[in-house]
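Chain by chain, the residues run as shown.
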Amino acid sequence: MDSAARTVRAVAGHDAVWLAAAATLVLTGDRSGRRAALRGIGSVAIVSVLHHVMAKPAARNATPVRGALSALFPRPGTSSLPSSPVAPAAAFASGVALESPRYGLAVLPFAAGLAFVRGRTGFDHRARVATGVAVGVGAALVTCRWWPVKPEAAAAAAPPRRPAPALPGGKGLHVVVNPSSGTAWGQDTVEALKELLPEAELTVFEPADDLMSLLDAAACRAVEEGGALGVCGGDGTVNAGSATAARHRVPLAVFPGGTFNHFAVDLGNQTLEDVARAIGAGDAVVADVGRATTSVGPGTRRDMVRSAGSLETAAEHSEQQLFLNTFSIGVYSELVHARERLERRIGKWPALTVGLVKVLATGSPLSVVINGRPRRIWLLFAGNGVYHPAGFAPTYRTQLDDGLLDVRAVEAGTPLARTRLLLAVLTGTLHNSRVLTTAQVRRLELELREGEPHFAYDGEVTDATYRHLILDKLPKAVTLYRPADQDQWLR
């Protein structure tokens, strides 16, 4: 027992054990596992900061006082945070459990065992263990200040149902699979789809293919057969599939096959089996689609009319980009743009880190006109539907057909805007800060006066040649397969 206790204490005394545990959760490939790993490590980081920045200096400064009072009160033999190995253990276990109770149950026995081992030697240690547990749990709860926990029932509340063809075995379903969408895809995904939907026609996107051409061909065959279009990939692939489905007026089956699958998660299609079940039963709902359209603004009206012959004809030559999740300009777009330039050479996550450092060091605000009002902003975010929580990090939606755009702009025109923005983000108070402006609107007119016109939509970045945009919605524009039992579960 003593040997085992020494081993547990030795292992838990190093923060590397929590990095290894987090890596194990990430490698499971499960979305909730990845989120649990990030929250667990964030909780340990907070404990580490408390330990090294606050507790140790405070204990050293209190040494003379402890010496004077040693005759009256027993003093601990260390100046570290009370039961320091227990605090990160409790922080990691609590952080994981907040995101995923089932993963938390897997981590909890080790944290509880460590607390038991540390508390075996007397009341003093038991008190220190209790303090360590309190510090660890508190650190995990503090992470919710910056990154609120997404509730289990946060998938979109039941939108209006729309009839869709029931396709037993997938007969009449034409699926385009994009294997380059992200970490969730693998050869097993294609095999699983074939097993779940043996009658469906699957087309695997190759690097030399044109994705839009494949989707158009699949949608045309679906129209001829009275079937449906399917896409398996990340949010960018789903975006292209939704635009194609709306154009051909065919139902769309969204199979999660990307790294994050934001839209599939908000829709409630968590697994391939969920989608296959909905296809077989003909269960479907409707959802809005966001739209960014080039406008005939003051600076472009004369040129467009001159070349097109009339204002009406000029409108026909406007471009539009649909989005299912989000549309943004500013530092977020620059971050994605910087990541895409580097990820082929160093990988996605290292490229994201390097891109973030670069954007923070070299980024500059944009000069824009929003609904006729000149503004200077760092970022403008427009969500297809109202996102939660309020603040800088919108995470999920509870409704996909509300007809609203969720607009959030980070202002740069206020005094000390950069400093105030940084402090608000660090303290988790951005949603109450004057640097953040929010609104829910049905339409927004945007003119970019100064800055590079990089727009990001559903994780993709485009270098636009225009600076006038109108953001609005196509209400209930796409029909999506979703299991009917999801509605019952949400109620």
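Rules used in this analysis
Residues numbered from 1 in each chain as written. Predicted model: local features only at pLDDT ≥ 70, side-chain atom pairs only at ≥ 80, totals over all residues. Heavy atoms only, no water. Salt bridge = Lys/Arg side-chain N within 4 Å of Asp/Glu carboxyl O. Helix = DSSP H or I, 4+ residues; strand = E, 2+ residues; numbered from the N terminus. Buried < 20%, exposed > 50% of the residue type's maximum accessible area, 1.4 Å probe, protein only. Axes fitted to C-alpha atoms, helices over the stretch in contact; angles between N-to-C directions. Parallel < 35°, antiparallel > 145°, perpendicular 65-115°, else oblique. Left-handed = near helix turned anticlockwise from the far one by under 90°. Contact = heavy atoms within 4.5 Å. Polar contact = N/O pair within 3.5 Å; in protein donor to acceptor, adjacent residues only side chain to side chain. Expected span 1.5 Å × (residues − 1). Arc of directions from axis to C-beta. Pairing = 2+ DSSP bridges. Phe/Tyr/Trp six-rings, centres within 6.5 Å; stacked < 30°, edge-to-face > 60°.

Engineer: Go over the pattern of salt bridges, please, and point to the residues and values.
Structural biologist: One pass over the full model with this rule turns up 11 salt bridges. One salt bridge connects Glu99 with Arg39, and the closest N-O pair in it is separated by 2.7 Å. Taken together, the residues span a long stretch of sequence, with Glu99 in helix α5 (residues 86–99) and Arg39 in helix α3 (residues 31–61) at a distance of 60 residues. Here Arg39 falls in the buried class, since its relative accessible area comes to 1%. Through salt bridges with shared partners, a single ionic network connects Asp288, Asp402 and Lys473.

Engineer: Outline the packing of helix α2 (residues 16–27) against α5, listing residues and values.
Structural biologist: The angle between the axes and the distance between the axes are what describe a pair of packed helices. At a minimum axis distance of 11 Å, the contact between α2 and α5 shows a crossing angle of 15°. Taken together, the axes of α2 and α5 lie roughly parallel to each other. Considering the relative orientation of α2 and α5, their crossing is right-handed. Residues Trp18, Ala21, Ala22 and Leu25 of α2 touch α5, and the partners they reach there are Pro88, Ala89, Phe92 and Val96.

Engineer: I'd like to hear about the environment of Asp402, residue by residue, with values.
Structural biologist: Secondary-structure assignment places Asp402 in the loop between β11 (396–397) and β12 (405–411). Under the relative-accessibility criterion, Asp402 is labelled buried at 15%. With 18 residues separating them in the primary sequence, Asp402 and Asn384 have C-alpha atoms 8.9 Å apart. Each residue touching Asp402, except ones within four places of it in the same chain, is listed here: Asp288, Gly385, Val386, Arg442 and Lys473. A polar side-chain atom of Asp402 sits 3.1 Å from the main-chain amide nitrogen of Val386. A distance of 3.0 Å separates the side chain of Asp402 from the backbone nitrogen of Leu404, its partner in a polar contact.

Engineer: Report on α2, specifying residues and quantitative values.
Structural biologist: Given 3.6 residues per turn, any residue in an α-helix points the same way as the ones three and four places further on. Along its 12 residues, α2 runs 16 Å from first to last C-alpha, staying within 8% of the 16 Å computed at 1.5 Å per residue. The set of residues buried in α2 consists of Trp18, Ala22 and Leu25. For α2, the buried positions fall inside an angular range of 55° around the axis, keeping them on one side. Residues Ala16, Leu19, Thr24 and Leu27 are exposed on α2 and point more than 90 degrees away from its buried face.

Engineer: How would you summarise unusual backbone geometry if you had to cite specific residues and measurements?
Structural biologist: Residue Arg249 is not a glycine yet carries a positive backbone phi of 55°. Among the secondary structure elements, Arg249 is positioned in the loop between α10 (235–248) and β4 (252–256). Unusually for a residue other than glycine, Asn371 sits at a positive phi of about 50°.

Engineer: Which residues make up the pairing of strand β7 (residues 326–330), and what values do they have?
Structural biologist: Counting buried residues along β7, five of its five residues qualify, which places the element largely inside the surrounding structure. Burial of β7 is two-sided: the residues Thr326, Ser328 and Gly330 facing one way and the residues Phe327 and Ile329 facing the other way are all buried. Pairing analysis gives five bridges linking β7 to strand β9 (residues 373–384), with the strands arranged antiparallel. Considered in β9, the bridge of Ile329 is made with Leu380. Where β7 and strand β15 (residues 454–457) come together, three bridges link them in antiparallel fashion. Opposite Phe327, over in β15, you have Tyr457 as the bridge partner.

Engineer: I'd like a description of α5, backed by residues and values.
Structural biologist: Relative to the 20 Å expected for 14 residues at 1.5 Å per residue, α5 spans 20 Å between its end C-alpha atoms, a close match to the ideal helical length. The buried count for α5 comes to 12 of 14 residues, which makes it a mostly enclosed element. Buried residues of α5: Val86, Ala87, Pro88, Ala89, Ala90, Ala91, Phe92, Ala93, Ser94, Gly95, Val96 and Glu99, and no others.

Engineer: How would you summarise the packing of aromatic side chains if you had to cite specific residues and measurements?
Structural biologist: Any aromatic ring pair is given by two values, namely how distant the centres are and how the planes are angled relative to each other. Applying the stated rule across the entire model yields three aromatic pairs. Taking the centre distance of 5.6 Å and the plane angle of 25° together, the rings of Phe327 and Phe455 count as stacked. Linking Phe327 in strand β7 with Phe455 in strand β15, this pair joins segments that are 128 residues apart in sequence. Here the two residues Phe327 and Phe455 agree in accessibility, since each one is buried. Their ring planes at 85° and their centres at 5.7 Å tell us that Phe381 and Tyr387 sit as a pair that is edge-to-face. One aromatic cluster is present, formed by Phe323, Phe327 and Phe455 through successive ring pairs.

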